[in-house]
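Now for the letters of each chain:
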Amino acid sequence: MIPPKARVLREGKVIDIDAAELVVGDIVDIQGGDKTPADIRIIQSHGLKVDNSSLTGESVPVAIKPDTQDPNHMESKNLAFYSTNVVEGKGRGVVIKTGDDTVMGSIAGLVAGLDSGQTPINKEIQSFVRLISAIAIFIGVVFFIIAMVMGYTWIEAVIFFIGIIVANVPEGLLITVTVTLTLTAKRMASKNCLVKNLEGVETLGSTSVICSDKTGTLTQNKMTVANMWLNMKMISLETGKMNYGENFDPRTPGWEELGNIACLCSNSDFVDVKENWQKPVNDRAVDGDATEAGILKCYECLMGDTDKKRK
C-alpha cells in the first residue's frame, strides 16, 4: 500500500510529502483526482468541487468557496474534509485538523467505541436460563427439606439436591439453537444472503425497519448513458456491461458533433494505471464526477479513441 501524499507549501516551495507528516497550519494544494489529506479550510478556489458522499451520503459534489461558511462545520462550504475525493477544480487551504481530530477520525472513534449490545436471541436465552435455574434450585431445596424430614442423612439430602439441579440443566439447548440457526442461515444463503454471525440470523428475522445510506450502499454512485437526443429523436443504447452500445451506429447524423463534445469537453480521465487500462471500459476507474465519468465511458465504448481524439 502506497502511503497517501500531499502537496504542501513549505519554505516558499510546493513539495510532496506523506500526508501523515502534515501539521495544523500547513498550506496544502489540492486538485481534481486528489484525496483530501486532512481537514482543510479553503483560502483559494478555482472551480473546486468535493465529493462528500463518504460523510453525508450526498452524491452531488459540493462547490467549495473561501467566502462561504456556516456555524455548522458539516454544512460549511469552505471546508474540505479528510478522505473526501476532489472531483474537479483546484484549491489551496490551511490544515485545521489532522489524524483522529478530523471529522472522519471522530466518526471512526465513535464506531470503534460502539457497544454492539446483546442480540434478541441472547436476551431470550439468558431469560430462559435464569427461569430454569430458579425452578431447579427451588425444587432442589424442596427435595433437600423432604429428605431431611424423612430421616435421610445430610449427605444423602445434598445428593438429592445436586441431582435435581443437574437433572433440570437443558443440556441440548446449545445444540438445538446452533442447529436451528445454521439451517436458517443455509436457507438465507440460497436466497443470496450471506450471514457470517449465526446470531445475526435471528436478529435479521426480528428486524422491522432498516435505515440505510443509499449512495455506495444500495447504489454505487455510478452513472451510465442510456439515451441520447440526436436530430430531434431519442436514441436508446444497450446498457448491459458486456454489450454496451452495440445497437448504436456511429454514422448516425449528429453523432460526430455530439461525440466531439462528449470527448473534448469532459474533465474526467481514466486513472492512468496499467491494471486499469486492462479492464473493460465500464469497469475502469475514473477521476472526476460520476456524470462526466458516465459520458466518458459512453464515448470510449462507442468509439474507443478518447486519447487519440484529445491529443
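Preceding block: the structure.
Residues numbered from 1 in each chain as written. Predicted model: local features only at pLDDT ≥ 70, side-chain atom pairs only at ≥ 80, totals over all residues. Heavy atoms only, no water.

Asks: Before we move on, can you summarise the pattern of salt bridges with the specific residues and values?
Replies: For the structure shown, the criterion picks out seven salt bridges. Linking Asp26 and Arg10 is a salt bridge whose minimum nitrogen-to-oxygen distance equals 2.7 Å. Taken as a pair, Asp26 in the loop between strand S2 (13-18) and strand S3 (27-31) and Arg10 in strand S1 (residues 5-10) lie far apart in primary sequence, 16 residues in all. In this structure Arg10 comes out as partly exposed when scored by relative accessible area, which is 28%. Asp29 is paired through a salt bridge with Arg92; the nearest N and O atoms lie 2.6 Å apart. A residue pair is termed long-range when its members are at least 10 positions apart, and Asp29 in strand S3 and Arg92 in strand S7 (residues 85-97) qualify at 63 residues. (Salt bridge = Lys/Arg side-chain N within 4 Å of Asp/Glu carboxyl O. Helix = DSSP H or I, 4+ residues; strand = E, 2+ residues; numbered from the N terminus. Buried < 20%, exposed > 50% of the residue type's maximum accessible area, 1.4 Å probe, protein only.)

Asks: An account of the pairing of S1 is requested, with residue identities and associated values reported.
Replies: Two strands pair when backbone bridges link them, and S1 and S2 are joined in this way by six bridges, in the antiparallel orientation. When the sheet's bridge partners are listed, Lys5 is paired in S2 with Asp18. Between the antiparallel neighbours S1 and S2 lie two residues, among them Glu11 with a positive phi of about 55°. Relative to S3, S1 is paired through three bridges, and the arrangement is antiparallel. Within S3, the position partnered with Leu9 by the bridge is Ile27. (Pairing = 2+ DSSP bridges.)

Asks: Which residues make up the packing of aromatic side chains, and what are the values?
Replies: One pass over the structure, following the stated rule, counts four aromatic pairs. The rings of Phe248, Trp255 and Tyr299 are connected pair by pair, giving a single aromatic cluster. Over the ring of Phe270 we find Arg284; its NZ or CZ atom is 5.2 Å from the centre of that ring. (Phe/Tyr/Trp six-rings, centres within 6.5 Å; stacked < 30°, edge-to-face > 60°. Lys NZ or Arg CZ within 6 Å of the ring centre and 35° of its normal.)

Asks: Quick one: what's the story with the layout of surface pockets, residue by residue and with numbers?
Replies: Volume-wise, the largest pocket comes out at about 1,300 Å³. Lining the largest pocket we find 47 residues, and of these Asn85, Ala285, Val286, Asp287 and Gly288 sit closest to its centre. For the lining of the largest pocket, the secondary structure elements donating two or more residues are S1, S3, S7, strand S11 (286-287) and helix H9 (290-302). Ranked by the residues each element gives to the lining of the largest pocket, the list is headed by H9, at five residues. For the lining of the largest pocket, the class distribution of residues is 19 nonpolar, 14 polar and 14 charged. As a volume, the second largest pocket reaches approximately 230 Å³. Lining the second largest pocket are Gly33, Asn267, Asp269, Phe270, Val271, Asp272, Val273 and Asp287. (1 Å grid on protein atoms, 1.4 Å probe; cavity = no way out; pocket = protein on both sides within 12 Å on 5 of 7 lines; lining within 4 Å. Points joined across faces, edges and corners; volume = space filled by probe spheres on them. Nonpolar A, V, L, I, M, F, W, Y, C, P; charged D, E, K, R; others polar.)

Asks: Which residues make up the nonpolar core, and what values do they have?
Replies: In terms of nonpolar packing, the biggest core is built from 16 residues, with Leu22, Val28, Ile30, Ile40, Ile42, Leu48 and Ile64 touching the most fellow members. Considering every element that reaches this core, the biggest residue donor is strand S4 (residues 39-51), with four residues. With sequence-adjacent residues up to four places away left out, Ile40 is seen in contact with Val28, Ile30, Asn78, Leu79, Ala80, Gly93, Val94, Val95 and Ile96. (Core = buried A, V, L, I, M, F, W, Y, C linked by side-chain atoms within 4.5 Å. Contact = heavy atoms within 4.5 Å.)

Asks: Account for the packing of helix H5 (residues 173-189) against helix H6 (residues 198-205), with residues named and values stated.
Replies: It is at 9 Å that the axes of H5 and H6 come closest, and there the two elements cross at 70°. The orientation of H5 relative to H6 falls into the category roughly perpendicular. Contacts between H5 and H6 pair Thr178, Leu181, Thr182, Thr184, Ala185 and Met188 from the former with Leu198, Glu199, Val201, Glu202 and Leu204 from the latter. Considered class by class, the residues forming the contact of H5 with H6 number six nonpolar, three polar and two charged. (Axes fitted to C-alpha atoms, helices over the stretch in contact; angles between N-to-C directions. Parallel < 35°, antiparallel > 145°, perpendicular 65-115°, else oblique.)

This is a description of form; function is not addressed.
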